[in-house]
Structures are given as C-alpha cells and as structure tokens.
Amino acid sequence: MARLVIVSNRVGIPDRGARPGGLEVAIRPALKRHGGLWFGWSGRVAEDVPQSVKIAAQDNITYATVDLAKDDYQEFYNGFANRVLWPILHYRLDLAEFTRRDLGGYVRVNQYFAGHLEKLLRPDDVIWVHDYHLMPLAKALRDRGHHNKIGFFIHIPFPPPEILTALPNHDQLIPALCHYDLVGFQTEVDAANFARYIANECGLPWASGNSFHFGNRIVRIGTFPVGVETEAFARLARRAVETHFVREVLGSLSGRSMIIGVDRLDYSKGIPERMSAFERFLANFPDWRGKVTYLQITPRSRTGIPEYADMGREVGEAVGRINGAYGEASWTPVRYINKAHSRTALAGLYRAARAGLVTPLRDGMNLVAKEFVAAQNAEDPGVLILSRFAGAAHECAAALLVNPYDPEGVGNAINRALSMPLEERRQRHSANFKVLVRNDLSHWAGRFLRMLEPPEDEIDSRTLVRAAGAR
Ligand code: F6P
C-alpha cells in the first residue's frame, strides 16, 4: 500500500503522558500497524510566528508537528473549532459563539497546515484527515494542485441540516467536504444527516445511494464506527486489576461497590446531569446509602473557553452538595478527581467497578463505554449504563440504555445495575463483548482505508469484471 499520512489537530506523540481524547487512542494503533506519517499541531503555542515543522520518529511512525501562533490558537482552536463547531455539531446551538474573525482564523490555520504538509507529501500518499478542526484541509490541498486520495473521518456527531444551517457561512464550510474522496461518520444517522445536507443544500447529482458527483470526482459517504482494541484491552484489564494502584483504590472502599465515570470535563458529557441522577438514586433508594461509592475521573479540558470553566464550577458544586447532604464521617458518596489517569489504571478501575456510568448528552461514539465492556470479567461482569445519545449505543444495545436528561430514569438504572442478577449481567456483557470483538479498532481503520484506496488486486479484479461485462 502507498504511504499513509494521518492529519489531525492533536498528534499522539509518545511519552507525553496520559491525555484525554478518543482520537489519539484510535489513531495510534492503526498507524502503528500500517506505518506512515502523522502530521498536526505540536500542542504548543509559539510566542512569535512559528516557522518550521518538527520531525520525530519512533517505531514505524514519523511525527511531524507545527506550533500555532497565539492568534491562531485563539481564533482557530479556542474560537471557531471549539466555540462554534463543537457546540453546533453536538446539537448545542445555544452555546455557539460565532464571529467572522474566528472563522477567518480557522480557514487560515487550515491553509497553514496545508502549506507545511505539502512539503512532506509524495504524489501517491494516501491522506486520512481527522475531525472537525480540519474540514477545509482537502480543499486547501486541492487548490495547491494535489491529486492524492484524501479521506476525512469525523469523530464527533454530525447533526441534521436543520441544525447545521444555523451555522453562519455553513454554505462555504460544509461543502468543502466535497473535496475529499471519502467522508466517514461514526453512525448511519450521522452519515444520513450529511447526505441530506448534500441533497438539500448543494443539489449535487447522486452517483449511487452513498456517493455523489463533485466536478470530475465521485465522493463516497461511509459509516465506520470507531472501535477499541477489544481483546488487548481485556488482557490489559486482567493484569491492571492486580496492580498496587487498583488494589489500593479497592482497599479504600472498605468493601463498598464502585460505580465509575471517566470523561473529559466537557458539557457534551452530561456530568452535572449525571450528578443529579446519582443524587436521585441516593434519595430514592436509601438502602444503598453507605454501600456504594461513585468515582468520577474528569481531567480538565479546553480551559481557555468560558463554558468549560463554568461547567467545572457547576460540577464541583454538585459534588459538594451531594457529599454534604448524604456523606458520613466514614463515607464519601462521590469521589471527584480532575487528574488524568493512565490507560492501565483506567482498565483496572473499569474491571473493579460494579457499574460504568457513560451518559453523554450527545457523543460521536464514546470509547470509554467500549473499554468498560472490554475490561469486564466475563464471569462476574459490571453493568454498563449508557446514554442512548452516544454513538456506542448503536453497538452496545445490551447495555442499560438511558436518557441522560431524565435523572429519575438514570437513578433507577443505577439501582437496577447494582441489583442485577449474575446471569443477566453475564448475558448482557457477553452480547456487548461479541459485538466489540467483531468491530474492533483494526476493522475500523482497515475498512476506511480499503474504501478510500482499494488494494491493487481488488482494483485489478474489478477492472477485469467490468471489462468482461463490456465484451
Ligand atoms: O474526539 C474529539 C476531540 O476533539 C479530538 O479531536 C481531540 O483529540 C479530543 O477530542 C480532545 O480534545 P482537545 O484536542 O480539544 O483536547
């Protein structure tokens, strides 16, 4: 296969410590398998105008990163990407703060990425661009004369046109996706929303049910639910649960059951709503008081954005309220921690937990849900309580599916999870686990790349079949 070039805003440079974010978790193993180049932001904001690309190599991956200038960071990352696209794509029109200046910064950084990337490109590279930060990147490359195969995968939700069209200048931004050869989504719903946008807003001719003509190219739309390395994560969890760290946590619970939640501090994750649900649970099921501890691990994220700081305060207050109202000198109902934990530590904690609370208000996929399932002991598994609005709910249908906006309902689900008979827990876990083994991370990357650039023997046989048909 031609060289694979991954482009994403965040680059998972090794040895940078534990960082939250599903994108890096998903890309690294895929790229490790294929080898290739990973290009993106270094994570640094330069004092003066940044100039050069920094190159580092490890295993068979070359990392190429660029710094961002202060204004670019502000307008592109804190501004348009995370205060306009992030809320709108998560169906939160009420939180979007659009300015034309930030849109300008977003387009400028995409040009800047294209300018540096093209110096590293070979004509036959296959380029795979990730996430909402880089929607116009293919256009920027095409404008510079690059004809490579370019695919785009969006890790977060893609809402219906009724929501997207509230984005000022959507008619310049969303059609830029037509410069990719393949546009991939987490779920059928997201893909159908994009197809409807193309039909309603762009009026482009369809080539088939899932592809359309754009200039002299055909653009394909696909669904590729991102997975985890299911069996490897299960092995990691088996080892991790025996580590000193996990034993110490379990010891500190004094035999109480543990419920776990792990999320970046982000309003899309529904953490305040989840706190209310836990509060309802303690109020409605008093027998559980003193017998269960809810551990919520929530690393801070995007701290330069006001909505994130507001949310941090809101969650802190809710935790204080619950612990104040229900806690005892010998029992703290909620343990709330802002420190990021290593994958190993999380794997062990998931396995040790009786229930996993994954209740985003809206989520592209949510790999915590999948890792929680992968980590369980099949003989005595914990129960996944999962928002119906997470992409993972399409696959983990045997979880207890809940509406995160209904604290009473989520509180009931917590009670049901903690009281669930062993046989039902086993059946639900086994059903979810099987699905996650069938669609693990290697399938995700493999399917995307095969659709973007079919292997040569497949192309040959298709050409032969077509030629035979023509005769
Ligand atoms: O998956 C969505 C995403 O925005 C990724 O693109 C990103 O790596 C992760 O969440 C963490 O967000 P951020 O890069 O803003 O810290």
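Use the structure listed above.
Report follows, based on the coordinates. (Residues numbered from 1 in each chain as written. Predicted model: local features only at pLDDT ≥ 70, side-chain atom pairs only at ≥ 80, totals over all residues. Heavy atoms only, no water.)

### Observations regarding the site of the ligand
Moving on, step 1. What surrounds the ligand is a group of 14 residues, the closest being Arg10, Tyr77, Asp131, Tyr132 and Arg302.
Moving on, step 2. Here an oxygen atom of the ligand sits 2.5 Å away from a polar atom, N or O, in the side chain of Tyr77.
Moving on, step 3. For the ligand, an oxygen atom lies 3.1 Å from a polar atom in the side chain of Tyr132.
Moving on, step 4. For the ligand, the accessible surface in isolation is 380 Å², of which the surrounding protein chains cover 93%.
Moving on, step 5. Elements represented by at least two residues in the shell around the ligand include exactly helix 1 (22–34) and helix 2 (70–89).
Moving on, step 6. Among the residues forming the shell around the ligand, the class breakdown is 5 nonpolar, 3 polar and 6 charged. (Near = heavy atom within 4 Å. Polar contact = N/O pair within 3.5 Å; in protein donor to acceptor, adjacent residues only side chain to side chain. Areas by Shrake-Rupley, 256 points an atom, 1.4 Å probe, with all protein chains shown as cover. Helix = DSSP H or I, 4+ residues; strand = E, 2+ residues; numbered from the N terminus. Nonpolar A, V, L, I, M, F, W, Y, C, P; charged D, E, K, R; others polar.)

### Here we look at the packing of helix 8 (residues 230–240) against helix 15 (residues 422–438)
Moving on, step 1. Where helix 8 meets helix 15, the closest approach of the two axes is 8 Å, and the angle between their N-to-C directions is 125°. For the element pair helix 8 / helix 15, the angle class is oblique. On the side of helix 8, the interface is formed by Thr230, Glu231 and Ala234, while helix 15 contributes Phe433, Leu436 and Val437. (Axes fitted to C-alpha atoms, helices over the stretch in contact; angles between N-to-C directions. Parallel < 35°, antiparallel > 145°, perpendicular 65-115°, else oblique. Contact = heavy atoms within 4.5 Å.)

### A short note on the pairing of strand 14 (residues 355–358)
Moving on, step 1. Residues Ala355 and Leu357 point to one face of strand 14 and Gly356 and Val358 to the other, with burial holding for every one of them.
Moving on, step 2. In this structure, strand 11 (residues 257–262) lies alongside strand 14, joined through 2 bridges in parallel fashion. Across the sheet, Ile259 pairs through a bridge with Ala355, a residue of strand 14.
Moving on, step 3. Relative to strand 15 (residues 383–387), strand 14 is paired through 4 bridges, and the arrangement is parallel. Its bridge partner lying in strand 15, Gly356 is registered against Leu384.
Moving on, step 4. Handedness of the crossover joining strand 14 and strand 15 through helix 13 (residues 367–375) is recorded here as right-handed. (Buried < 20%, exposed > 50% of the residue type's maximum accessible area, 1.4 Å probe, protein only. Pairing = 2+ DSSP bridges. Right-handed = clockwise from strand over helix to strand, strands pointing away.)

### Describing the sheet that holds strand 16 (residues 400–402)
Moving on, step 1. Strand order in the open sheet formed by 6 strands is 13-12-11-14-15-16, with parallel pairing between adjacent strands. One side of each edge strand has no neighbouring strand; the edge strands of this open sheet are strand 13 (334–337) and strand 16. Strand after strand, the sheet turns through a mean of 20° between neighbouring axes, direction not considered.

### Things to note about the nonpolar core
Moving on, step 1. Judged by nonpolar contacts, the single largest core of 93 residues is most densely connected at Val7, Phe113, Met135, Leu137 and Phe194.
Moving on, step 2. No other element matches helix 2, which puts 9 residues into this core.
Moving on, step 3. Three or more residues apiece are contributed to this core by two domains, here domain 1 (4–227 + 442–467) and domain 2 (230–439).
Moving on, step 4. Once residues within four sequence positions are removed from consideration, Phe194 is found in contact with Phe158, Ile174, Leu177, Val183, Phe185, Phe212 and Ile221.
Moving on, step 5. Ala2, Leu182, Ala237 and Phe372 belong to the second largest nonpolar core, which has 60 residues in total. (Core = buried A, V, L, I, M, F, W, Y, C linked by side-chain atoms within 4.5 Å. Domains from an automatic or database assignment.)

### What to know about the state of the cysteines
Moving on, step 1. According to the stated counting rule, one finds 0 disulfides in the structure shown.
Moving on, step 2. Cys178 takes part in no disulfide bond, and the closest cysteine sulfur, belonging to Cys202, lies 5.2 Å away. (Disulfide = S-S within 2.5 Å.)

### Examining the side chain of Arg142
Moving on, step 1. For Arg142, the position within the fold is in helix 4 (residues 137–143).
Moving on, step 2. Take Arg142: its relative accessible area is 16%, and that puts it in the buried class.
Moving on, step 3. Here the side chain of Arg142 touches Asp181 through a polar contact of 3.0 Å, side chain to side chain.
Moving on, step 4. Residue contacts for Arg142: discarding those within four places in its chain leaves His147, Asn148, Ile150, His179, Asp181 and Arg217.

### Details of the environment of Ala207
Moving on, step 1. With respect to the helices and strands, Ala207 occurs in strand 8 (residues 206–208).
Moving on, step 2. Ignoring sequence-local partners within four residues, the contact set of Ala207 consists of Phe212, His213 and Ile218.

### Concerning the pattern of salt bridges
When the charged atoms of two side chains with opposite charge come close together, those side chains can pair.
Moving on, step 1. Overall, the coordinates contain 31 salt bridges when judged by the stated rule.
Moving on, step 2. Its salt-bridge partner being Arg217, residue Asp181 comes within 3.3 Å of it at the nearest N-O pair. Separated by 36 residues along the polypeptide, Asp181 in the loop between helix 6 (170–173) and strand 7 (182–185) and Arg217 in strand 10 (residues 217–223) bring together distant segments of the chain. The exposure classification of Asp181 matches that of Arg217, with both residues buried.
Moving on, step 3. Two residues, Arg426 and Glu423, come together in a salt bridge whose shortest N-O distance is 3.8 Å. In this pair, Arg426 and Glu423 both sit in helix 15, 3 residues apart, roughly one turn of the helix.
Moving on, step 4. You can call Glu423 partly exposed: its relative accessible area is 45%.
Moving on, step 5. A single salt-bridge network, built from bridges that share partners, covers Asp72, Glu75, Arg101 and Arg108. (Salt bridge = Lys/Arg side-chain N within 4 Å of Asp/Glu carboxyl O.)

### Digging into the pairing of strand 1 (residues 4–10)
Moving on, step 1. Extensive coverage of strand 1 is indicated by the burial of 6 of its 7 residues.
Moving on, step 2. Sheet topology places strand 1 next to strand 5 (residues 126–130); 4 bridges connect them, and they run parallel. Residue pairing across strands places Val5 opposite Ile127, the latter belonging to strand 5.

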